[in-house]
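Residue-level listing of the chains:
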Amino acid sequence: MSSSAKALEPAFQGAGQRMYPLIRKLCLLDWPIDDGTEIWRIENFQPVPLPKSDYGKFYSGDSYIILQTSPGRGGAYLYDIHFWLGKDTSQDEAGTAAIKTVELDAVLGGRAVQYRELQGHETDKFLSYFKPCIIPLEGGVASGFKKPEEEEFETRLYICKGKRVVRLKQVPFSRSSLNHDDVFILDSKDKIFQFNGANSNIQERARALEVIQFLKEKYHEGTCDVAIVDDGKLQAESDSGEFWVLFGGFAPISKKVATEDDIIPEKTPAQLYRPYELLVTFFITLILGSIADGQVKTVDGELSKSILENNKCYLLDCGSEVFVWVGRVTQVDERKVAIQAAEDFVASQNRPKSTHITRVIQGYETHSFKSNFDSWPSGSAPSVAEEGRGKVAALLKQQGVGMKGASKSAPVNEEVPPLLEGGGKIEVWCINGSAKTPVPNEDVGKFYSGDCYIVLYTYHSSERKEDYYLCSWIGKDSIEEDQKMAAKLCTTMYNSLKGRPLQGRIFQGKEPPQFVAIFQPMVILKGGLSSGYKNYIADKGLNDETYTVDGVALISISGTSLHNNKALQVEAVATSLNSNGCFLLQTGSAIFSWHGNQSTFEQQQLAAKVAEFLKPGSAVKHAKEGTENSSFWFALGGKQSYTSKKLSPEVEEIYNFSQDDLLTEDILILDTHAEVFVWVGQSVDSKEKQNAFEIGQKYVEMAVSLEGLSPNVPLYKVNEGNEPCFFTTYFSWDPAKASAHGNSFQKKVMLLFGSGHSAEEKSSSSNNGGPTQRASALAALNSAFKSSPSPRAGSAPKPGGTSSASQRAAAVAALSSVLTAEQKRSSSVSPARPSRSPPAEATLPAPVKSEDSVEVEDSKEVSEVKETEAVEPVLETNGEDSISKTEIDQDENGSECSQSTFSYEQLRAKSDNPVTGIDFKRREAYLSEEEFQSVLGMTKESFYKLPKWKQDMLKRKVDLF
């Protein structure tokens, strides 16, 4: 294999061999490409390295090879290779990309996982390298395609799909492309619009906002406006009017028409094809043109790991995904044929384009591959790939009985893990039958292995007034009835605290550092005190080894700091000693503190603390290793040899995922191999919230068999908004994101444009109409009639552009619908104050379709606008939430303010003498012109021309928000 590798592609020399820092800076303003990414483009059937500046750009006429390198254990690397095929790439180039991918794998030692990526049907793993999305471009450098030259800005319409990774596709700029089920982005020269179909997914709406932010910074230098248009809700607002004008005027949109892109392949029961049939598939295809039914037969019986032979290739067909499994000792030529055979197999079955093809090498199987086997022994030696994951964290989504993961690697410093705030209140109860018995304060920290306990730690954090850490601790020798009762009573306490605590289930020997740090010290003793344990050993005729203060006991002292200081009672024999630790030997009234020659000062200090905890006031006899007297050895049953080996700690690493993946509508699982967290979003159904622990337990059972996870791993339930520090440490945590309220879309709106905008999004969706919408429509009319003069006779409008007449028509139509809606409301509801609606003659005609007829009626529209303006003067805000002066002078109850301006000190949100009877969302509007300029540094006219999010930002700075 090595000799073959040397003869392979020179462009791959040195690939994947550098150390890559994998801590990604989460930023929406540029491509967040990991340094572990390398890309080659196929040019003249050869791979050519792509400049870093072009990463994320994929031309539809080309084929690419992408290598993602991440660190494994012991300095090894883990490799994922993707070959991306544009929709217009030639068959020869596509074949070259597939073959060169195998050659790159050979250079890397033949252990990479390989993926075929078709444009528009990429895997989530591939898209996660290029956040927020990739935007395929037309053209290419090979196969006769000409690279597009820089040209005048072109308005583009995109459909945006995906709630974790985004699939963005350009569609024809036409009203017929829109539908009620999807989210669209209209990228025009001066403004980017997001159109939310009435039935579109909330989480897809949130992701689309990230794409808009990227487009704004990348292609508009951060200067264009952004507007959100909701299907069927905000047609009266100026932004909506502008949006429909770009399509030639408002008209109903049609229902969604299913396309090939919407076909999702079904997952079917896995079928494993024999190696011989797989290898000859390629040649059968050459001769017959396709694979006939029955020519490739499946392996009968149970799918087991033992079926796979290391010198063969196999095809595993799962319907939505096809795997090629390659034995370790197969040759490069065989591997090339195998991947080609898989592509021919998929084509012969007429599978959708979204069917993924993944090649795995023996010993580097992915979880999704192993999960299709009835038997994949967890006791077998883990592969290097799985060792590389080792102690890792993986973010998974509960989807029925399946799990879906997203992962990135990043080293974690485990020397000082995040701990809970100290100085809190500790309460401990021991389970005794159907009740819980409080543990006396002097015994808090003692845990008997035959009992179960409930621990409640109440503490004050910097972010919230009071937090709770609630856990059940399960002794390894406890009875099943006590374990169930502990879970039941713990849940009852959780509910009584209104769901605020972090709730956990902890097994003996698997205590996380946050739990250990609460108790200073923590000592685990033999036996049990509960009636259930006592009855159990009596029924079984077992000896009661429960620790007593006057009996013989040997206590092992381990740990070197606050979070891992733990003492454990072990067998009172000399073979239990270890030169790397300290031990306490209790013999009736005497107590020895034995210090191993390699023990640390911290261990010796903990030994003294534990001795005082177990036998307060007793004199401690110190015995250093090698200086023990006969009474010491006599208590242990005689002197014997013991170990002096030091157990090396396991190195832990995590996958570098994002806080943005914690969607409020989901239940997710964070598996660190040291503990498992079930994260529950605020918007999850209440019944699903109750099943959070059950979901976590099902995941643990699955991970035990497939990943070698300990069945006794600590399991926590974490509610959104109450994440503890030892959960958030696995993320680049942004407190602003955690404190945002609403669904995924509303949270993203607030983060990108300010909380005021988010509030208005909510109110506008529930209150379709009213003074604000009327004022916005009037502002749109003002803008339309103040635009540049209409073109001279004979001049044609630019394609895709809009004439001033059509702009006026759309604005008139918008105002008409608002006024009509207000008249209907006023006729059906008795107002609490005199109606301020314009007179009946101000109600405007329905939308006019012909531009010629619009030109004729221009003069009438102008007179109607002037008449309306006379009723209600409008403060123009460049399309950003226009408001009338009359509205400013009235509070929400309809009472008139005695004055129209107030001092800055009165208008401040934290004022000692606050003003009343105003619109508190627009405090700045009540400042005088002079004070407005003094406080905000600009005129009102300039301020209201700013985007809404920027207005909110400035208002926050001066306490007017």
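Keep in mind that what you see is a predicted model, and the values were worked out from it rather than measured.

## Some remarks on the pairing of strand E3 (residues 63-71)
- Counting buried positions along E3 yields 9 of 9 residues, so the element is predominantly enclosed.
- Here E3 shows a buried face lined by Ser-63, Ile-65, Leu-67, Thr-69 and Pro-71 and a second buried face lined by Tyr-64, Ile-66, Gln-68 and Ser-70.
- Bridge count for E3 against strand E4 (residues 77-85) is 9 bridges, and the pairing is antiparallel. Bridging across to E4, Gln-68 finds its partner in Asp-80.

## Some remarks on the sheet that holds strand E25 (residues 552-558)
- Strands sit in the order E20-E24-E26-E25-E27-E28-E29 across an open sheet of 7 strands; the sheet is mixed. Looking at which strands have only one partner, the edges of the open sheet turn out to be strand E20 (446-448) and strand E29 (620-624). The average angle at which neighbouring strand axes cross in this sheet is 25°, direction not considered.

## Remarks on helix H12 (residues 531-540)
- Along H12, the residues that are buried comprise Gly-532, Tyr-533 and Ile-537. Projected down its long axis, H12 carries its buried residues within an arc of 125°, all on one side. Exposed residues pointing more than 90 degrees away from the buried face of H12 are listed as Ala-538 and Asp-539.
- Buried residues belonging to H12 abut helix H10 (480-496).
- Just downstream of H12 lies Gly-541, where phi reads positive at about 70°.

## Side note on the packing of aromatic side chains
- Following the criterion strictly, the structure yields 45 aromatic pairs and no others.
- Taken together, a centroid distance of 5.9 Å and an interplanar angle of 80° make the contact between Phe-195 and Trp-244 edge-to-face. Of the two residues, Phe-195 sits in strand E9 (residues 191-196) while Trp-244 sits in helix H5 (residues 238-245), which places them 49 residues apart along the sequence.
- Through a chain of ring-to-ring contacts, the aromatic side chains of Phe-173, Phe-184, Phe-193, Phe-195, Phe-243, Trp-244, Phe-247 and Phe-250 assemble into a single cluster.
- Over the face of the ring belonging to Trp-429 we find Lys-436, whose NZ or CZ atom lies 5.6 Å from the ring centre.
- Here the guanidinium or amino end of Lys-446 rests over the ring plane of Phe-613, the centre of that ring lying 5.4 Å away.

## Examining empty space enclosed by the protein
- One pass over the full model with this rule turns up 8 cavities of 30 Å³ or more.
- Looking at the largest cavity, its volume works out to about 270 Å³.
- What lines the largest cavity is a set of 20 residues, and nearest its centre among them are Gln-659, Asp-660, Leu-662, Lys-737 and Lys-747.
- Of all the secondary structure elements, the ones that give two or more residues to the lining of the largest cavity are helix H4 (202-219), helix H18 (735-739) and helix H19 (744-753).
- Taken together, the residues that form the lining of the largest cavity break down as 7 nonpolar, 5 polar and 8 charged.

## Here's the deal with the nonpolar core
- Ranked by internal contacts, the top residues of the largest apolar core, which has 49 residues, are Phe-447, Tyr-469, Phe-515, Phe-519, Ile-557 and Tyr-716.
- Sort the elements by how many residues they give to this core and helix H13 (residues 601-614) lands first, with 6 residues.
- Ignoring sequence-local partners within four residues, the contact set of Phe-447 consists of Tyr-453, Val-455, Trp-473, Phe-515, Phe-519, Met-522, Val-523, Ile-524 and Leu-525.
- The next biggest cluster of nonpolar side chains, apart from the first, holds 22 residues, and it includes Cys-133, Val-211, Ile-212 and Leu-752.

## Brief notes about unusual backbone geometry
- The omega angle of the peptide bond from Lys-131 to Pro-132 is 10°, so this bond is cis rather than trans.
- Cis geometry is found at the peptide bond from Gln-520 to Pro-521, where omega equals 10°.
- Mapped onto the fold, Pro-521 is located in the loop between helix H11 (513-518) and strand E24 (523-525).
- The phi dihedral of Asp-959 falls on the positive side, at around 65°, and the residue is not glycine.

## Considering the packing of helix H2 (residues 91-107) against helix H7 (residues 332-348)
- Across the interface, H2 lies against H7 with an axial gap of 10 Å and an inter-helix angle of 140°. What the angle tells us is that H2 and H7 run oblique. When the axes of H2 and H7 are compared, the crossing they make is right-handed. Where H2 approaches H7, its residues Ala-98, Ile-99, Val-102, Glu-103, Asp-105 and Ala-106 are matched on the opposing element by Val-332, Arg-335, Lys-336, Ile-339 and Glu-343.
- Partitioning the contact of H2 with H7 into residue classes produces 6 nonpolar, no polar and 5 charged.

## Topic: the packing of H4 against H19
- Two elements in contact, H4 and H19, have axes whose closest approach is 7 Å; the angle formed by their N-to-C orientations is 25°. Classified by the angle between their axes, H4 and H19 sit roughly parallel to one another. The residues of H19 that touch H4, namely those facing Ile-202, Gln-203, Arg-205, Ala-206, Leu-209, Glu-210 and Gln-213, are Ser-744, Phe-745, Lys-748, Val-749, Leu-752 and Phe-753.
- Taken together, the residues of the contact of H4 with H19 break down into 7 nonpolar, 3 polar and 3 charged.

## What about the sheet that holds strand E14 (residues 356-361)?
- In space, the 9 strands of this open sheet follow the order E2-E1-E3-E4-E5-E14-E13-E12-E11, with mixed pairing throughout. Sheet topology places strand E2 (46-49) and strand E11 (271-273) at the edges, where each strand pairs with a single neighbour. Neighbour to neighbour, the strand axes of the sheet diverge by 20° on average, direction disregarded.
- Bridging between E11 and strand E12 (residues 313-317) involves 3 bridges; their strand directions are antiparallel. Across the sheet, residue Gln-271 finds its bridge partner in E12, namely Asp-317.
- Each of E4, strand E5 (113-118), E11, E12, strand E13 (321-326) and E14 touches H7; the most contacted strand, E14, lies at about 155° to it.

## Focus on the pattern of salt bridges
- A complete count under the given rule lists 32 salt bridges for this structure.
- Here Asp-105 ties to Arg-359 by a salt bridge, and the two come within 2.9 Å at their closest N and O atoms. Of the two residues, Asp-105 is situated in helix H2 and Arg-359 in strand E14; the sequence distance between them amounts to 254 residues. We note that Asp-105, like Arg-359, is buried.

## Looking at the environment of Asn-441
- Along the polypeptide, Asn-441 turns up in the loop between strand E19 (435-438) and E20.
- Note on Asn-441: relative accessible area 67%, which makes it exposed.
- Between the alpha carbons of Asn-441 and Glu-427 there is a distance of 8.3 Å; along the sequence they are 14 residues apart.

What counts, and at which threshold
Residues numbered from 1 in each chain as written. Predicted model: local features only at pLDDT ≥ 70, side-chain atom pairs only at ≥ 80, totals over all residues. Heavy atoms only, no water. Buried < 20%, exposed > 50% of the residue type's maximum accessible area, 1.4 Å probe, protein only. Helix = DSSP H or I, 4+ residues; strand = E, 2+ residues; numbered from the N terminus. Pairing = 2+ DSSP bridges. Axes fitted to C-alpha atoms, helices over the stretch in contact; angles between N-to-C directions. Arc of directions from axis to C-beta. Contact = heavy atoms within 4.5 Å. Phe/Tyr/Trp six-rings, centres within 6.5 Å; stacked < 30°, edge-to-face > 60°. Lys NZ or Arg CZ within 6 Å of the ring centre and 35° of its normal. 1 Å grid on protein atoms, 1.4 Å probe; cavity = no way out; pocket = protein on both sides within 12 Å on 5 of 7 lines; lining within 4 Å. Points joined across faces, edges and corners; volume = space filled by probe spheres on them. Nonpolar A, V, L, I, M, F, W, Y, C, P; charged D, E, K, R; others polar. Core = buried A, V, L, I, M, F, W, Y, C linked by side-chain atoms within 4.5 Å. Parallel < 35°, antiparallel > 145°, perpendicular 65-115°, else oblique. Left-handed = near helix turned anticlockwise from the far one by under 90°. Salt bridge = Lys/Arg side-chain N within 4 Å of Asp/Glu carboxyl O.

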